Amino acid sequence: MNVAEAVGRALCAAGVGQVFGVVGSGNFHVTNAMIAAGARFVAARHEGGAATMADAYARTSGTVTVVSVHQGPGLTNAMTGIAEAAKSRTPLVVLAAEVTEPKSNFHVDQEALARAVGAVTVRVTSAEAAVEQACAAVRLAVRERRTVLLNLPLPVQVLEVPGGALAAAAPPRPRAAVEPDQADVTALAELLGQSRRPVFVAGRGARGPGSREALEALGERCGALLATSAVARGLFHDNRWSLDVSGGFASPLAAELIQGADLIVGWGCALNMWTMRHGRLIGADATVVQVDDESSAIGAHRPVHLGVTGDVRLTAREVVQAGTGGQREGYRTPEVGAALGARLRRRDVPHEDTSTRERIDPRTLTAALDDILPAERVVGVDSGNFMGYPSAYLSVPDEKGFCFTQAFQSIGLGLATTIGAALAQPDRLPVAALGDGGALMSAVELDTVRRLGLPMVVVVYDDEAYGAEVHHFGPDGHPLDTVRFPPTDIAAIGRGYGFEAVTVRTTADLKAVADWVAGPRSAPLLVDAKVVADRGSWWLEEAFRGH
C-alpha cells in the first residue's frame, strides 16, 4: 500500500465520513482511497464551492469533514472558503496534494497560504509517519476546533507504507468539556441573583448537546430573556421568552429589550461588534459577563466585568446548583411576555409595502415565502444588501436550521453553504437565499444541486446590482456604473441547469412556489425575485461600520 492510499484510509479510520472536492491528478488516488474506505464523496464544480460545502456540512452535522483539492491552483481556488472556515473555527481538514519542486508551474508556498488565512498545517513527510500525521490532522481539527491544511507531497505519495501501519489509526478522543472555576460559578450566580433584567446571548459555543436545555433551565430560574448570535439562530426556537437574534438582524423590540438589560451574559458568544451593534445594545449601566471554554476568547472583543472559562452546558448547570433562592420573575414580566407574543418577529413590524407591478418589496416577498415553505427547513444565506431579509424573516426550527457562513463576509458562498447543510440535514427542505451578484458568481454549483437530486429552493433577490455598494456610496453622489448591471434572466439560467424556475414580480407570482411545494419536487426550484431596489436594507449602515 502506498502513502496516498494509506492516508485516505487513515482519515476514514480517524472518523471522517464525508469528503467534498474537485479531483485532479495530485489528489486522485487519495480521494479514491477514502471512497474505498467508506467515505461519501461529493464532487463540486469549483474548489471554492467544495471548501464551503465542507465547512457548512461540518457546522451542521457536528462532524469533522474533508475537502480534497489538487496541488497549487486547486488549493488557491479554495482559499476563500478555507478562510471562512478558519475564521469560524470549523473542524475541517483540507487535504491538498503538494509539489516540492520550485520549478513546477504548480509550486506555491501552501503552508504560507494556510497561515495567511488562519488555518494550521500538517505535512506528510514520510511513509513511516504518514498514518500518524494524517490522524494528527484530524485530532487537531477536532480537539482544537481548527481548519487544518494536510499537505500531501507528490513524491511521498508513491512510497510504500510499512505493513500494519493502519492499525494505529483511530478516531481522536472528543474535546474534553472545560470545568469552570467554582469561584467564577459563585460570582455569576450572585450576579444573576441580583439582576432584575438579565439577558442571555448564546453563540456558536452554545450549539453543543444539552446546552439549550441547560440555558433554558437557568433562564427559567433567574427570569432571563434568551437571544442568540446569528450563527446560533434558532437555538431557542419556540421558547416564549426568546428574543431570536441579537445584533444587526434583531427586531426593534428585541433590540429595545437587550438595551434595557442590567446584566448581559454571553454564552459561547464573542459579543462582537455585529452581535452587540458595536456596543450600542449594551446599556450604560449593564454588567457584562462572558462564558467560553477558551480563556483567550474572554474579553477579546470588549471588556467584561466577569469572565468564566468553562463549557457552556457545565457552567449553566453548576450556576443553577449554586444559585440562592427560588425562581425569580426577572425580565419575564407579563408586559414583556405580551410584547414578545405580539411584535417580536420583524415581519410583525408594520412597513410600507413599496412593491410595484414590476418589482416586489423584499420584506413582502420573504414574509410570503416564510408562509409557503415548510417549517422543517435548513436555510443558507449569502452576503449582500439583501441578506437581512432571509436572516430575519425566514424562521428556522432549531440551531441546525440556519447556516451562516459570514465570518469573512464574502459574497458567493451561499449556494455552496446550502448544499453542504442540506447533505447534513437530508430530511429538511434546503433554502438558499442569494443576491443576484452572489448567485451569478456561484452559478456553476447549480449543476451540483441538480446532479445530487437535492429538492432545493434557491431564492435570488435580484436588484441588478451589488446593492450594498449602491446604497452605501450612492447617497454621496459617487458614480455607480461599476456596481450596476443590465437585466439578467436568472430564471432561464436555472432552467438551463435543470431547475424548475419562476420569475417573481408580484405576490401573485408566488403561486408557482406554492405549487412546487405541494408537488413531487422532482427538480429543484429557482425563484428569480425582481426586488425593489430604491433603498438599502435596515441593517446596511450597521454592516458598513465594521469596514
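Since the structure is predicted, the reported quantities are computational estimates derived from the model, not experimental observations.

Student: Any chance you could break down the nonpolar core for me, citing the residues and the numbers?
Tutor: Within the largest apolar cluster, 46 residues are counted, with the highest numbers of intra-cluster contacts made by I82, L415 and V458. No other element matches helix α16 (residues 414-424), which puts six residues into this core. Residue contacts for L415: discarding those within four places in its chain leaves A432, L434, S442, E445, L446, V449, M456 and V458. Among the nonpolar cores identified, the runner-up in size contains 37 residues, and F249, Y389, L429 and W516 belong to it.

Student: Pulling in residues and values, what's your account of the sheet that holds strand β16 (residues 457-462)?
Tutor: Taken together, six strands build an open sheet; the order of strands is β14-β13-β15-β16-β18-β17 and the sheet is parallel. Either end of the sheet is taken by a strand with one partner, and the two such strands are β14 (402-403) and β17 (500-504). As paired elements, β16 and strand β18 (residues 525-530) share six bridges and run parallel to each other. Directly across from D462, in β18, lies its bridge partner K530.

Student: Describe in detail helix α12 (residues 312-322), supporting the description with residues and values.
Tutor: Those residues of α12 that sit buried are V312, L314, T315, A316, E318 and V319. Buried residues along α12 sit in contact with α9 (182-194), α10 (211-222), β10 (263-267), β11 (287-292) and β12 (306-309). Capping the start of α12, D311 holds a side-chain oxygen 3.1 Å from the backbone nitrogen of R313, two or three residues further along.

Student: Go over the packing of aromatic side chains, please, and point to the residues and values.
Tutor: In this structure the tally under the stated criterion is seven aromatic pairs. Of the aromatic side chains, those joined through ring pairs into one cluster are F249, F402 and F404. Lying over the aromatic face of F402, R233 brings its terminal NZ or CZ to 5.4 Å of the ring centre.

Student: I'd love a proper account of the pairing of strand β13 (residues 377-381), names of residues and values included.
Tutor: When you tally the buried positions in β13, you get five out of five residues, the bulk of the element. Bridging between β13 and strand β15 (residues 429-435) involves five bridges; their strand directions are parallel. Bridge assignment links V379 to a residue of β15, and that residue is V431. Where β13 meets β14, two bridges bridge the pair, whose relative direction is parallel. For G380, the partnering residue across the bridge sits in β14 and is C403. Note on the crossover from β13 through helix α15 (residues 388-393) to β14: the handedness is right-handed.

Reading the values: rules and limits
- Residues numbered from 1 in each chain as written.
- Predicted model: local features only at pLDDT ≥ 70, side-chain atom pairs only at ≥ 80, totals over all residues.
- Heavy atoms only, no water.
- Core = buried A, V, L, I, M, F, W, Y, C linked by side-chain atoms within 4.5 Å.
- Buried < 20%, exposed > 50% of the residue type's maximum accessible area, 1.4 Å probe, protein only.
- Helix = DSSP H or I, 4+ residues; strand = E, 2+ residues; numbered from the N terminus.
- Contact = heavy atoms within 4.5 Å.
- Pairing = 2+ DSSP bridges.
- Polar contact = N/O pair within 3.5 Å; in protein donor to acceptor, adjacent residues only side chain to side chain.
- Phe/Tyr/Trp six-rings, centres within 6.5 Å; stacked < 30°, edge-to-face > 60°.
- Lys NZ or Arg CZ within 6 Å of the ring centre and 35° of its normal.
- Right-handed = clockwise from strand over helix to strand, strands pointing away.

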